[in-house]
Amino acid sequence: MTDNINFAIERNPNPADAAKIAEAHANPGFGNYFTDHMVIIDWTREAGWHDARIVPYGPISLNPANAVLHYGQEVFEGIKAYRHADGTTHIFRPDENAARLQCSSKRLALPALPTELFVESLRQLVALDEAWVPPHGEDKSLYLRPFIIANEDFLGVRAAQRATYMVIACPAGGYFSDPTQPVNIWLEAELARAGRGGTGAAKCGGNYAASLLPQETAYANGCEQVLFLDSCEGKYIEELGGMNIVFAYRDGTIVTPESDSILASITNKSLLQLAADAGMRVERRKVTIDEWREGAATGDIVEAFAVGTAAVVAPIGLLKSQDFTIENPPVTEDSVAMRLRAQLTGIQNGDVVDTHGWMVAT
Ligand code: PLP
Ligand code: COI
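Procedures and definitions
- Residues numbered from 1 in each chain as written.
- Chains lettered and ligands numbered in written order.
- Predicted model: local features only at pLDDT ≥ 70, side-chain atom pairs only at ≥ 80, totals over all residues.
- UniProt positions renumbered as here; feature names shortened; annotations may be inferred.
- Helix = DSSP H or I, 4+ residues; strand = E, 2+ residues; numbered from the N terminus.
- Buried ≥ 20, exposed ≤ 12 C-beta atoms within 10 Å, placed from the backbone.
- Contact = placed C-beta atoms within 7 Å.
- Near = placed C-beta within 6 Å.
- Nonpolar A, V, L, I, M, F, W, Y, C, P; charged D, E, K, R; others polar.
- Core = buried A, V, L, I, M, F, W, Y, C linked by C-beta atoms within 7 Å.
- Axes fitted to C-alpha atoms, helices over the stretch in contact; angles between N-to-C directions.
- Parallel < 35°, antiparallel > 145°, perpendicular 65-115°, else oblique.
- Left-handed = near helix turned anticlockwise from the far one by under 90°.
- Pairing = 2+ DSSP bridges.
- Expected span 1.5 Å × (residues − 1).
- Arc of directions from axis to C-beta.
- pLDDT = per-residue confidence, 0-100.
- Right-handed = clockwise from strand over helix to strand, strands pointing away.

The name an unreviewed UniProt entry assigns to the protein chain is branched-chain-amino-acid transaminase, from the organism Gulosibacter bifidus. UniProt, in the comment section headed Cofactor (unreviewed entry), describes the protein chain in these words: "pyridoxal 5'-phosphate". The heading Sequence similarities (unreviewed entry) in the UniProt record of the protein chain holds the text "Belongs to the class-IV pyridoxal-phosphate-dependent aminotransferase family."

Next up, the structure:
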């Protein structure tokens, strides 16, 4: 607990009963059930961050002229809390998400929320809604969605003078429709999610809005995610709509694309650390789509997987495009993706020793 941060707590008078929480835990999916409370902290240019509170989960009222509705001045995060075998709850690397939210806020001209306040807001919400953290050992967790919105009723196009930070939470299972199957992805040849000097490295709603039309094309082609290429040359692999991508090479090297218009994934950073710990060579560098095509054809690239908080580590089965398809070899327990996934989720769930000090107790 941080002594100097006081959250006023207004308890939900009608919290979910045990049966409702059990229903949510049985089949949480992603973003379907929300816990009993939410965090709110206000910011104004004059007063800074103030009025930290936890209130019953529910709708918020916005004036139709609110800047966020018109200009999308908004940033968010995604982070999970896990139940360990002894019943305690822990959050994965919240300092990293705090730092990334600050970077996103800077790019979107929103105020930076101090790390201490961010971490404490998550700890307090998880502590209050602790019953919502799924049981240990079921590959489920409590997904936390912190976000900051411009909160000023003004139509002039400039940075808002008022903002609001909130955190909501939902029990989460797998992100994809069938977590036991590799995910198929669609290569978007025309549309980009982000461009040079744009907001691609920030976690802001606009990037996801830009990904929705290609995402529809992906669904129409039997795929669950879109792979974007760089917007200048249409040649370098960037990332998926909501995940980074990682490749495993036959010689044991792990490679992930480097670009200043993709999100710096904390899952990816952690997996690369675990791979390096295990003595694997890891590279962050530019990767062309041709390198993947050729590598898959020669057998030099043996695996591709999607990584992120929601996705965890999801092996990619097919890459489909208008012109060609790449089919990855079948996934086994021994695949690099599955081994790294087991190690990461083992640490997150408290079953593998957390040598890096990544887990923070709530
Ligand atoms: N890339 C995008 C566009 C994302 O939305 C996400 C999800 O947060 C990621 C990558 C993965 O980032 P992280 O591992 O920090 O969740
Ligand atoms: C996350 O993994 O936290 C995201 O925000 C990605 C999105 C696909 C839900």
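Let's pick the thread back up.
(A) Spotlight on the overall build of the protein chain. Helices and strands together make up the secondary structure of the protein chain, namely 8 helices and 18 strands. Its C-alpha atoms give the protein chain principal-axis dimensions of about 60 × 50 × 35 Å. Considering the protein chain as a whole, with its 362 residues, one finds that 45% of them fall into the buried category. The contacts in the protein chain between residues at least 6 apart in sequence include a share of 70% that link residues at least 24 apart.

(B) Structural detail: the site of ligand 2. In the vicinity of ligand 2, the contacting residues are Gly 78, Gly 242, Gly 308, Thr 309 and Ala 310. Split into classes, the residues belonging to the shell around ligand 2 amount to 1 nonpolar, 4 polar and no charged.

(C) Up close: the nonpolar core. Counting 92 residues, the largest nonpolar core has Leu 122, Ile 185, Leu 227, Leu 271, Phe 305, Ala 306 and Val 313 as the members making the most contacts within it. The greatest single-element share of this core, amounting to 7 residues, is contributed by strand E7 (residues 141-150). In this structure, Val 313 is in contact with Leu 271, Phe 305, Val 307, Ala 337, Leu 340, Arg 341 and Leu 344, ignoring residues within four places of it in sequence.

(D) A look at the packing of helix H3 (residues 94-107) against helix H4 (residues 115-128). Viewed as axis vectors pointing N to C, H3 and H4 meet at an angle of 125 degrees, and their least axial separation amounts to 9 Å. In terms of axis orientation, H3 runs oblique to H4. The two elements H3 and H4 cross, and the hand of that crossing is right-handed. Each of Pro 94, Asp 95, Ala 98, Ala 99 and Leu 101 in H3 lies in contact with H4, whose residues at this interface are Thr 115, Phe 118, Val 119 and Leu 122.

(E) Expanded view of the site of ligand 1. Close to ligand 1 lie Gly 78, Glu 239, Gly 242, Met 243, Asn 244, Leu 263, Ser 265, Ile 266, Thr 267, Asn 268, Gly 308 and Thr 309. With 3 residues, the top contributor of residues to the shell around ligand 1 is helix H6 (residues 266-277). For the shell around ligand 1, the per-class residue count stands at 3 nonpolar, 8 polar and 1 charged.

(F) Looking closely at the pairing of strand E8 (residues 162-172). Of the strand pairs in this sheet, strand E2 (residues 37-44) and E8 are connected by 6 bridges, and their pairing is antiparallel. Note on E8: the bridge partner recorded for Val 39 is Val 167. Here 10 bridges tie E7 to E8, and the two strands are oriented antiparallel to one another. Its bridge partner lying in E8, Ile 149 is registered against Thr 164.

(G) Up close: helix H8 (residues 336-348). For H8, which comprises 13 residues, the first-to-last C-alpha distance of 18 Å matches the rise-based estimate of 18 Å (1.5 Å per residue) to within 8%. For H8, the set of buried residues is Val 336, Ala 337, Leu 340, Arg 341, Leu 344, Ile 347 and Gln 348. Buried residues of H8, seen end-on, are gathered within an arc of 130 degrees and therefore sit on one face of the element. Backbone geometry just downstream of H8 places Gly 350 in the positive-phi region, at approximately 80 degrees.

(H) Highlighting the confidence of the model for the protein chain. With 99% of its residues at a pLDDT of at least 70, the protein chain reaches an overall mean of 96. Scoring of the predicted complex yields 0.96 for pTM and 0.99 for ipTM.

(I) Broad picture of the pairing of strand E14 (residues 282-285). Pairing of strand E13 (residues 254-257) with E14, which is carried by 4 bridges, proceeds in the parallel orientation. Across the sheet, Pro 257 pairs through a bridge with Arg 285, a residue of E14. The parallel pair E13 and E14 is bridged by H6, and the resulting crossover is right-handed.

(J) Summary view of unusual backbone geometry. Located in the positive-phi region is Arg 93, a residue other than glycine, with phi close to 45 degrees. Take Arg 93: it is sitting in the loop between strand E6 (89-92) and H3. On the basis of neighbour counts, which here come to 21 C-beta atoms within 10 Å, the residue Arg 93 falls in the buried class. If you check the backbone angles, Val 312 has positive phi at about 60 degrees while not being a glycine. As for its position among the elements, Val 312 is in strand E16 (residues 312-320). Judged by the 24 C-beta atoms lying within 10 Å of it, Val 312 falls in the buried class.

(K) Region of the structure containing the environment of Ala 47. With respect to the element layout, Ala 47 can be found in the loop between E2 and strand E3 (48-56). Assessed through the 10 C-beta atoms surrounding it within 10 Å, Ala 47 is described here as exposed.

(L) Spatial organisation of the environment of Pro 56. With respect to the helices and strands, Pro 56 occurs in strand E3. It is 54 Å that separates the C-alpha atoms of Pro 56 and Glu 294, two residues lying 238 residues apart in sequence. Beyond its immediate chain neighbours, meaning those up to four positions away, Pro 56 contacts Glu 10, Asn 12, Asp 36 and His 37.

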